[in-house]
Amino acid sequence: MNIARNTPLKELNTFGIHANAKYFCEISQLEELKSLIQTDEFKTNERLILGGGSNILFTKDFNGIVIKNNIKGIEKIKEDQEHFYIKAYAGEVWHEVVLYCIKNNYAGIENLSLIPGNIGAAPMQNIGAYGVELKDVFKSLEAVNLENGNIETFTNEGCQFGYRTSVFKNELKGQYFIYSVTLRLNKTPKFNTSYGAIQDVLKEQNTPLSIKTISDAVIKIRSSKLPNPKNIGNAGSFFKNPTIPQTQFENLKKDYSNIVGYPLEDGNMKVAAGWLIEQCGWKGKIVGNTGAHKDQALVLVNYGNASGLEIEQLAYEIQNSVDKKFGIEITPEVNII
Ligand code: FAD
Ligand code: EPU
């Protein structure tokens, strides 16, 4: 195990932001993490665990130790009458896990195709797309307690999953290294085509319903509107979709008849932040090296040499204008460091 100094992180975050880590260590085995925990560099510094870097914005150099998780492996650990149980180690690329499941006919994560990043980060914000969230297939995870090196198991309930959140983003923030994730997948698929766009693509292609055709449809939709970080730096949706009371939504509808919102089970409304941002005139607007993407205003982008501070400043201006026009607070989904 080697601890490097002053390591550039530009290639390790999908925003493509220049930042250096004071210390940097790549972990490929659990034993290496256990040794690292004993070192002075680990004990006396701030820590950041890094997966694929697709949900992070660096606004400055990281004055601590970055631990790049590269622990790999994926296996079927058991099956019962209805389910397959798949355990994947945290450094596995999420989309590779999706492809592995599709190939083996393990159903349940096809709607989550092409989400960047590693499976170890997936529980952090309970990744979700096209009507499915990680929590729908999540069985348990193993995490290393960074204080004592012990491995602890968290159940679905213990993770306290919510919309783009979990216990690891809140009470237990920074305290655990997620080491493995076990998914419970279905032997008989329960297709989720609740998103109209999926139905449209399937109809257009005239293909029979299967986990593979759903995955292909999701990949097609995502590729048509989300910028590929290899071409334009970004971290997906920069903000979460806000929740407002039904009465506030009805009042807004009087002035903005085309406002986009979805009713939630608790009676509140979830509003499309992309719509709010577009209405404020940000969609496709270029501000210095940054901007809100032309096809999806919720995605803030780095056109080349943006600093993290520039992107943070743009986010701040967008938040202010949405608040001023609609009286709605939008909060970041991305982890700002
Ligand atoms: P990182 O960015 O490396 O880390 C994210 C956070 O998790 C950080 O706080 C980090 O410290 C922590 N972390 C990472 N690994 C571990 C670990 N092993 N143990 C403990 N903490 C850890 N998200 C969605 O939910 N749905 C989408 O549809 C979606 N689409 C996207 C599209 C694009 C183009 C992009 C760029 C991003 C998108 N995202 C989406 C966001 C992102 O892909 C997810 O949040 C993903 O789970 C992040 O994984 P990562 O490995 O890159 O995490
Ligand atoms: N819209 C606009 N203008 C825009 C963008 C969106 O008016 O510029 C409106 C459209 O009416 C559209 C609606 O907003 O119908 C919803 O847009 P979209 O289907 O693209 O989804 P989203 O709400 O913007 C969310 C997630 C995505 C996820 C998709 C698909 C959040 C914060 N984002 O985006 O997740 O892939 O739904 O399920 O919940 C991410 O988290 O990084 C992410 C990309």
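Before reading further, recall that the structure is shown in the block above.
Anyway, here's the lowdown on the structure attached to this text. Given the structure is predicted, the values throughout are model-derived calculations rather than measurements. (Residues numbered from 1 in each chain as written. Chains lettered and ligands numbered in written order. Predicted model: local features only at pLDDT ≥ 70, side-chain atom pairs only at ≥ 80, totals over all residues. Heavy atoms only, no water.)

### A word on the site of ligand 2
For step 1, the next point in the chain: Taken together, 23 residues lie around ligand 2, and Y130, Y163, E278, Q296 and E333 are the ones closest in.
For step 2, the next point in the chain: One nitrogen or oxygen atom from the main chain of A297 is found 2.9 Å from an oxygen atom belonging to ligand 2.
For step 3, the next point in the chain: Protein contact buries 82% of the 820 Å² of open area that ligand 2 shows by itself.
For step 4, the next point in the chain: Broken down by element, the residue count for the shell around ligand 2 peaks at 3 residues, all from helix α7 (residues 273-279).
For step 5, the next point in the chain: Classifying every residue of the shell around ligand 2 gives 11 nonpolar, 5 polar and 7 charged. (Near = heavy atom within 4 Å. Polar contact = N/O pair within 3.5 Å; in protein donor to acceptor, adjacent residues only side chain to side chain. Areas by Shrake-Rupley, 256 points an atom, 1.4 Å probe, with all protein chains shown as cover. Helix = DSSP H or I, 4+ residues; strand = E, 2+ residues; numbered from the N terminus. Nonpolar A, V, L, I, M, F, W, Y, C, P; charged D, E, K, R; others polar.)

### A word on the pattern of salt bridges
For step 1, the next point in the chain: Under the definition given, this model contains 11 salt bridges.
For step 2, the next point in the chain: Between E147 and R47 there is a salt bridge whose closest N-O contact spans 3.7 Å. Taken as a pair, E147 in the loop between β10 (138-145) and β11 (151-155) and R47 in strand β3 (residues 47-50) lie far apart in primary sequence, 100 residues in all.
For step 3, the next point in the chain: Where K76 meets E79, a salt bridge forms, and the shortest distance between an N and an O atom there is 2.7 Å. (Salt bridge = Lys/Arg side-chain N within 4 Å of Asp/Glu carboxyl O.)

### Some thoughts on helix α1 (residues 30-37)
For step 1, the next point in the chain: Three or more residues of α1 are buried, namely L30, L33, L36 and I37. Buried residues in α1, looked at end-on, bunch into an arc of 120°, giving them a common side. (Buried < 20%, exposed > 50% of the residue type's maximum accessible area, 1.4 Å probe, protein only. Arc of directions from axis to C-beta.)

### With respect to the sheet that holds strand β6 (residues 74-79)
For step 1, the next point in the chain: With antiparallel pairing, the 5 strands of this open sheet are ordered in space as β6-β7-β12-β10-β11. The strands lining the two open edges of the sheet, one partner per strand, are β6 and β11. Averaged over all adjacent pairs, the angle separating strand axes in this sheet is 25°, with direction ignored.
For step 2, the next point in the chain: In this sheet, strand β12 (residues 176-186) lies alongside strand β7 (residues 83-89) in antiparallel orientation, the contact comprising 7 bridges. Bridged to K87 within β12 is T182.
For step 3, the next point in the chain: Strands β10, β11 and β12 of the sheet are contacted by α1, whose axis makes an angle of about 40° with β10.
For step 4, the next point in the chain: In the packing of helix α3 (residues 94-103) onto the sheet, the strands contacted are β6, β7 and β12, and the crossing angle to β6 comes to about 45°. (Pairing = 2+ DSSP bridges. Axes fitted to C-alpha atoms, helices over the stretch in contact; angles between N-to-C directions. Contact = heavy atoms within 4.5 Å.)

### Regarding the pairing of β12
For step 1, the next point in the chain: Along β12, 10 of the 11 residues are buried, which leaves the element largely enclosed by surrounding structure.
For step 2, the next point in the chain: Of the pairings in the sheet, the one linking β10 to β12 comprises 7 bridges and is antiparallel in character. Following the sheet pairing, S140 is matched in β12 by T182.

### Regarding the sheet that holds strand β5 (residues 62-69)
For step 1, the next point in the chain: The mixed open sheet is built from 4 strands, whose spatial order is β1-β2-β5-β3. Looking along the sheet, the strands with just one partner apiece sit at the ends: β1 (4-8) and β3. Looking at each pair of strands side by side, their axes are set apart by 40° on average, direction ignored.
For step 2, the next point in the chain: Bridge count between β1 and strand β2 (residues 20-27): 4 bridges; the pairing is antiparallel. Bridge pairing in β2 links P8 to N20.

### Some remarks on the packing of α3 against helix α5 (residues 211-225)
Packed helix pairs are specified by the crossing angle of their axes together with the interaxial distance, meaning the distance between the axes.
For step 1, the next point in the chain: The contact between α3 and α5 brings their axes to 10 Å, and the two run at 150°. Between α3 and α5, the angle is such that the two are roughly antiparallel. Remark: the crossing between α3 and α5 carries left-handed chirality. When α3 is examined against α5, the residues H95, C101 and I102 are found in contact with a partner set consisting of I211, K212, S215 and I219.
For step 2, the next point in the chain: Class assignment of the residues belonging to the contact of α3 with α5 gives a composition of 4 nonpolar, 2 polar and 1 charged. (Parallel < 35°, antiparallel > 145°, perpendicular 65-115°, else oblique. Left-handed = near helix turned anticlockwise from the far one by under 90°.)

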